[in-house]
Amino acid sequence: MIDPIGFLISWLTMLGIYAILALTLNFESGTSGVTNFGKVFFYALGAYVSAMLTVYLFLILNGIDVSKTPPYDVQAIIYLGELAPKNPLLNLGLLALSLVLAFLVAGGMGYLLSYPIIRVGPAFVGFTLLSTGELLRIFLQHYDPAGGSRGLMSIPSPFAWIPDPRTRDLLYLLLVISILFLTYFTMSRLVNSPLGRTLRAVRDDEIAALCLGKDVPRLKATILFIGSGFSGMAGVLLAYYMTSVNPDMFVPAVTFNVWAMIILGGMGNLKGALLGSAIFTFFDRALSFVTPQLGITVISPDYIRGFLVGFLIVVVLLYKPQGILPEGRVETPAWEEFEKGKQGERHG
């Protein structure tokens, strides 16, 4: 029996997490023209920063020697499960610390990676970032403090101290929506600011922007810092939601899923990024819920989802090449005053 409330909460939670990724990729690629095929790198970095920070500090602050009982040990996993409901302030404090630290670490890595991608040139930016994401995944598979290929499990939920599971899920959904709202507000302000207009100029003609005196390398470093930082926060939300992380969660397909979202919704349009995220995550969650109920075991839901999303992308590219919601004009206060003046002239 399908639980409609559970499905709705699950869908909206994953929608919020993926929408943050889609908004940041839309800002980097749709508005600024940086072909970021390494989005999963910053996503994974945020997830692992939060997971390692949380499980290690949680065990240490509860008097457990992590040198003898590391977080990936079975006994440590049991301790984490038993102690999580008893430390509400610690859970919430670690969540807040994880969000801030993940933003700074992922954003800092984005800033640093802007220098090599400037040197390789626009044609190779995507491949450079793509390879960086794969390097991180392979490194994590062999990095024992992060659990190696097994990853880290039993990450304490910030709301583990609440006994009712449905209430916990709803509170976590509100947290995700709050971070999504913060991301959308930040991206909207940046896109519709003088910086946003400069980034569009760089996207449309980088050589012309350089000739006009724009510091293109610094602009690219800035947008990668901001976009990567928010992607790291999305990774934090995923780690706490799944209560576990492992390297196989962060394959290159994650990046291309986010690309599919902004292509569907419309490159350069924030509302389009949200729409594309909603369509993609709805198919993902719906298939995960429905296929077991129908007894479909021969075909994986991942293949069905890939087929449906691929079919949608082909249809959209054929009939609406700019996406369902194409990029609109920049909404600035000057334009609003101009529109008001035009309306006043008509009524006058």
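This write-up is about the structure you can find in this document.

Conventions used here
Residues numbered from 1 in each chain as written. Predicted model: local features only at pLDDT ≥ 70, side-chain atom pairs only at ≥ 80, totals over all residues. Heavy atoms only, no water. Helix = DSSP H or I, 4+ residues; strand = E, 2+ residues; numbered from the N terminus. Buried < 20%, exposed > 50% of the residue type's maximum accessible area, 1.4 Å probe, protein only. Contact = heavy atoms within 4.5 Å. Areas by Shrake-Rupley, 256 points an atom, 1.4 Å probe, with all protein chains shown as cover. Axes fitted to C-alpha atoms, helices over the stretch in contact; angles between N-to-C directions. Left-handed = near helix turned anticlockwise from the far one by under 90°. Nonpolar A, V, L, I, M, F, W, Y, C, P; charged D, E, K, R; others polar. Phe/Tyr/Trp six-rings, centres within 6.5 Å; stacked < 30°, edge-to-face > 60°. Core = buried A, V, L, I, M, F, W, Y, C linked by side-chain atoms within 4.5 Å. Salt bridge = Lys/Arg side-chain N within 4 Å of Asp/Glu carboxyl O. Expected span 1.5 Å × (residues − 1).

Looking only at helices and strands, one finds 13 helices and 2 strands in the protein chain. Considering the protein chain as a whole, with its 348 residues, one finds that 48% of them fall into the buried category. For the protein chain, the proportion of contacts with a sequence separation of at least 24, taken over those separated by at least 6, is 81%. Entry remark: accessible area of the protein chain is about 16800 Å², with carbon and sulfur atoms responsible for 67%.

Across the interface, helix H4 (residues 88–120) lies against helix H9 (residues 216–242) with an axial gap of 6 Å and an inter-helix angle of 145 degrees. Remark: the crossing between H4 and H9 carries right-handed chirality. When the residues that make up the contact of H4 with H9 are grouped by side-chain class, the tally is 18 nonpolar, 8 polar and 1 charged.

Let's shift gears to unusual backbone geometry. Most of the time, phi is negative for any residue but glycine, and the peptide bond is trans. The backbone phi angle of Ser-154 is positive, close to 55 degrees, even though this residue is not glycine. Looking at where Ser-154 falls in the secondary structure, it is placed in the loop between strand E1 (152–153) and helix H6 (165–191). Despite not being glycine, Thr-243 has its phi angle at roughly 55 degrees, a positive value. Within the fold, Thr-243 resides in the loop between H9 and strand E2 (244–245).

Further remarks concern the packing of aromatic side chains. The geometry of an aromatic ring pair is captured by the separation of the ring centres together with the interplanar angle, meaning the angle of the planes. Summed over the entire model, instances satisfying the criterion amount to 15 aromatic pairs. For the ring pair Phe-103 and Phe-225, a centre distance of 5.7 Å and an interplane angle of 85 degrees mean the geometry is edge-to-face. Of this pair, Phe-103 sits in helix H4 while Phe-225 sits in helix H9; the two residues are 122 residues apart in sequence, bridging distant segments of the chain. Residue classification places Phe-225 among the partly exposed positions, given a relative accessible area of 27%.

We now examine the environment of Arg-166. The residue Arg-166 is located in helix H6 in this model. The class of Arg-166 is partly exposed, set by a relative accessible area of 30%. Sequence separation between Arg-166 and Ile-9 is 157 residues, and the spatial gap between their C-alpha atoms is 9.0 Å. With residues up to four places along the chain from it excluded, the contact list for Arg-166 reads Asp-3, Ile-5, Gly-6 and Ile-9.

Along the polypeptide, Ser-157 turns up in the loop between E1 and H6. Using a relative accessible area of 19% as the deciding quantity, one classes Ser-157 as buried. Sequence-distant contacts of Ser-157, defined by excluding residues within four places in its chain, comprise Asn-91 and Tyr-240.

Before going further, it helps to examine the nonpolar core. Membership of the largest hydrophobic core comes to 92 residues, with the highest contact counts inside it found for Ile-17, Phe-27, Tyr-43, Leu-237, Val-245 and Phe-250. For Phe-27, the contacting residues outside a window of four places in its chain are Ser-32, Met-187, Leu-190, Val-191, Leu-199, Ile-223 and Ile-226.

Tallied over the entire structure, the rule returns 5 salt bridges. In this structure, Glu-134 engages Arg-137 in a salt bridge whose closest nitrogen and oxygen atoms are separated by 2.9 Å. Separated by 3 residues within a single helix, Glu-134 and Arg-137 lie in helix H5 (residues 125–141), roughly one turn from each other. Shared partners join several salt bridges into a network, and the residues in it are Glu-134, Arg-137 and Asp-248.

On to the environment of Val-40, then. Here Val-40 is to be found in helix H2 (residues 39–61). Accessibility expressed as a relative area gives 5% for Val-40, which makes it buried. Considered as a pair, Val-40 and Thr-132 are 92 residues apart in the sequence and their alpha carbons are 9.4 Å apart. With residues up to four places along the chain from it excluded, the contact list for Val-40 reads Phe-250, Val-251, Val-254 and Thr-255.

It is worth spelling out helix H7 (residues 194–204) at this point. Looking at H7, one finds that the buried residues are Gly-196, Thr-198, Leu-199, Arg-200 and Val-202. On its buried face, H7 sits against helix H1 (4–31), H6, helix H8 (206–211) and H9.

End to end, H6 covers 39 Å across 27 residues, agreeing with the expected 39 Å (1.5 Å per residue, within 8%). Of all the positions in H6, only Tyr-172, Leu-173, Leu-175, Val-176, Ile-179, Leu-180, Thr-183, Met-187, Leu-190 and Val-191 are classed as buried.

A few words now on the packing of H7 against H9. At a closest axis distance of 11 Å, the pairing of H7 and H9 adopts a crossing angle of 115 degrees. Handedness of the H7/H9 crossing: left-handed. Only Val-216, Leu-219 and Ile-223 of H9 make contact with H7, whose side of the interface consists of Leu-195, Thr-198, Leu-199 and Val-202. Class assignment of the residues belonging to the contact of H7 with H9 gives a composition of 6 nonpolar, 1 polar and no charged.

This part is about the side chain of Thr-183. Here Thr-183 shows up in helix H6. You can call Thr-183 buried: its relative accessible area is 0%. Apart from the residues lying within four places of it in its own chain, the contact partners of Thr-183 are Ile-20, Leu-23, Thr-24 and Phe-230.

Treat this as a map of the structure, not an account of what it does.
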